[in-house]
Amino acid sequence: MAQKILVISGDGIGPEIMAEAMKVLDVLQRDGLTLERGEALLGGCAVDATGEPYPEATKKKALAADAVLLGAVGGPKWDVLPREQRPEKGLLGIRKSLGLFANLRPAVVYPQLAEASTLKPEIVAGLDILIVRELTGDIYFGEPRGIETRDIDGTTQRVGVNTMIYSESEIRRIAKVAFEAAQRRSQRVCSVDKMNVLETTQLWRDVFTEEAQHYPNVQLSHMLVDNAAMQLVRNPKQFDVLATGNIFGDILSDEASMLTGSIGMLPSASLDENGKGLYEPCHGSAPDIAGQNIANPLAMILSTAMLLRYSLKNEAAARRVETAVMEVLDRGLRTPDIWKEGMQKVSTKEMGDAVVQALARQA
Ligand code: IPM
Ligand code: MG
């Protein structure tokens, strides 16, 4: 039976980069990959069409699909709406409703791009880290939350409230993902917390330490989040797998993306307990450059490779796509975000076409 994927282009540069990923899938399908593709709305375009960022119809299709491929959501146009209608709510909604608790964000420096980073090439060359970010808990979803009025020292004031909360089972299942990922890599997990101040993260550290007993070949270390932020730019190659809660992983993964030269290169996978997943670039919808045919489609194409690997269990196809991306970088093709003197500046479409040609040459 053909596997079903749901394609959600979203907002901003989403549709442009998704079009390039679709060309890649076209080639693979021509070469024998069987796949059923559906489409759905999420984020700002969904608000415009239906009034909701995560319409029921999208939810139904997402639940029925084997995997979801997502471009990006959001933009200033929708920032003025009530929180419930903002595009980000759609993204958080789809992650939560599909139970996608494990967010894998690899930060790999391709040898061809070591010069594109703002850090010295010797600091980042050869970097290969994996951030394993918990995605359905923490302060993102904790209750109580909101902006309310309270009586404080005799005056009535507005108070903003969010709750950082993790249960033992939530920590344990993400710890397992991190340890198992490390077993396939360099056998090292660095767990990130703020146990010197926050009880939630003391529990995080305790549960990681307990869980490590089951993975004697994996070396577990702990690091406070502020130090981790510093170490990531001081000496990023000390890390293999970085395991974080939702909010710390949000922040550290943006930081890690810059080690690689451009956030336009970074794919991500968000997985449930059974390997079903949502695949999206780490970058956002970049409304400032939308519609100009200059966005980098490689994170979207590499996210498609992750979909092939993790949800469709097609390692060969995933490798084919990754090899094609390496080849276009070898040829010196660069979208503006990774362009340097001496390289060939190309558009979104030209980059996608080059990947397609590289794929065709492999067959
Ligand atoms: C990300 C994004 C989202 C997040 C936003 C858009 C809700 O920053 O995927 O990292 O905070 O998770
Ligand atoms: Mg983020």
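Here the structure is a predicted model, which means the values were calculated and not measured.

### Here's the deal with the nonpolar core
With 70 residues, the main nonpolar core has V189 and F208 as its most contacted residues. Residue contributions to this core reach at least three from each of two domains, namely domain 1 (1-103 + 278-363) and domain 2 (128-259). Discounting residues that sit within four places of it in the chain, F208 has contacts with I171, I174, A175, A178, F179, V189, S191, L220, H222 and A243. Counting 20 residues, the second-largest nonpolar core is a separate cluster that includes V124, L127, I131 and L252.

### Some details on helix α4 (residues 87-97)
Owing to its 3.6 residues per turn, the α-helix aligns residues three or four sequence positions apart on the same side. Among the residues making up α4, those that are buried are P87, G90, L91, I94 and R95. Projected onto a plane normal to the axis of α4, the buried residues spread over an arc of 130 degrees and lie on a single side. One or two positions beyond α4, positive phi appears at G99, with a value near 65 degrees.

### What about the domain arrangement of the protein chain?
Under the domain assignment, the protein chain is made up of domain 1 (1-103 + 278-363) and domain 2 (128-259). Taking the mean C-alpha position of each, domain 1 and domain 2 sit 26 Å from one another. Across the boundary between the two partners, domain 1 contributes eight residues, which contact eleven residues of domain 2. The contact between domain 1 and domain 2 buries some 1,100 Å² in all, and 63% of this surface belongs to carbon and sulfur atoms. Counting the surface domain 1 buries against domain 2, the share from its top three residues, K96, F101 and N103, is 56%.

### Side note on the site of ligand 1
Taken together, the residues surrounding ligand 1 are E88, L91, R95, R105, R133, Y140 and D250. One of the side-chain N or O atoms of R95 is found 2.7 Å from an oxygen atom in ligand 1. In the complex, the protein chains occlude 75% of the 320 Å² of accessible area that ligand 1 would expose alone. No other element matches the three residues that α4 contributes to the shell around ligand 1. Here the shell around ligand 1 is composed, by residue class, of two nonpolar, no polar and five charged. Counting contributing residues, the shell around ligand 1 receives three or more from each of domain 1 (1-103 + 278-363) and domain 2 (128-259).

### Some details on the environment of G352
Looking at the element boundaries, G352 is found in helix α12 (residues 348-362). Overall, the relative accessible area of 0% leaves G352 in the buried class. It is 16 Å that separates the C-alpha atoms of G352 and S9, two residues lying 343 residues apart in sequence.

### Side note on helix α8 (residues 225-234)
Every buried residue belonging to α8 is among V225, A228, Q231 and L232, and all of these are buried. Seen along its axis, α8 keeps its buried residues to an arc of 110 degrees; they face one direction. Looking at the buried residues of α8, the elements they touch are β5 (128-134), β8 (188-193), β9 (219-224), β10 (241-244) and α9 (246-259).

### Some words on unusual backbone geometry
Between E143 and the following residue, P144, the backbone shows a cis peptide bond with an omega angle of 0 degrees. Summarising the element assignment, P144 is placed in the loop between β5 and β6 (146-152). Positive phi values are uncommon outside glycine, yet D138 reaches one of about 75 degrees. Relative to the helices and strands, D138 is located in the loop between β5 and β6. Residue D138 is classed as buried on the basis of its relative accessible area, which comes to 3%.

### Topic: the packing of aromatic side chains
What the rule picks out here adds up to four aromatic pairs. Relative to Y215, the ring of F179 lies with its centre 5.0 Å away and its plane at 15 degrees, an arrangement referred to as stacked. Here the residue F179 occupies a position in helix α6 (residues 168-183), and Y215 occupies one in the loop between α7 (199-212) and β9, the gap between them amounting to 36 residues. Site record: aromatic cluster; members linked through ring pairs are Y166, F179, W204, F208 and Y215. The residue whose ring lies beneath R173 is F101, and the NZ or CZ to ring-centre distance is 4.2 Å. Taking NZ or CZ as reference, K345 lies 4.4 Å from the ring centre of W339, over its face.

Criteria and cut-off values
- Residues numbered from 1 in each chain as written.
- Chains lettered and ligands numbered in written order.
- Predicted model: local features only at pLDDT ≥ 70, side-chain atom pairs only at ≥ 80, totals over all residues.
- Heavy atoms only, no water.
- Core = buried A, V, L, I, M, F, W, Y, C linked by side-chain atoms within 4.5 Å.
- Buried < 20%, exposed > 50% of the residue type's maximum accessible area, 1.4 Å probe, protein only.
- Domains from an automatic or database assignment.
- Contact = heavy atoms within 4.5 Å.
- Helix = DSSP H or I, 4+ residues; strand = E, 2+ residues; numbered from the N terminus.
- Arc of directions from axis to C-beta.
- Buried area = accessible area lost by both parts, 1.4 Å probe.
- Near = heavy atom within 4 Å.
- Polar contact = N/O pair within 3.5 Å; in protein donor to acceptor, adjacent residues only side chain to side chain.
- Areas by Shrake-Rupley, 256 points an atom, 1.4 Å probe, with all protein chains shown as cover.
- Nonpolar A, V, L, I, M, F, W, Y, C, P; charged D, E, K, R; others polar.
- Phe/Tyr/Trp six-rings, centres within 6.5 Å; stacked < 30°, edge-to-face > 60°.
- Lys NZ or Arg CZ within 6 Å of the ring centre and 35° of its normal.

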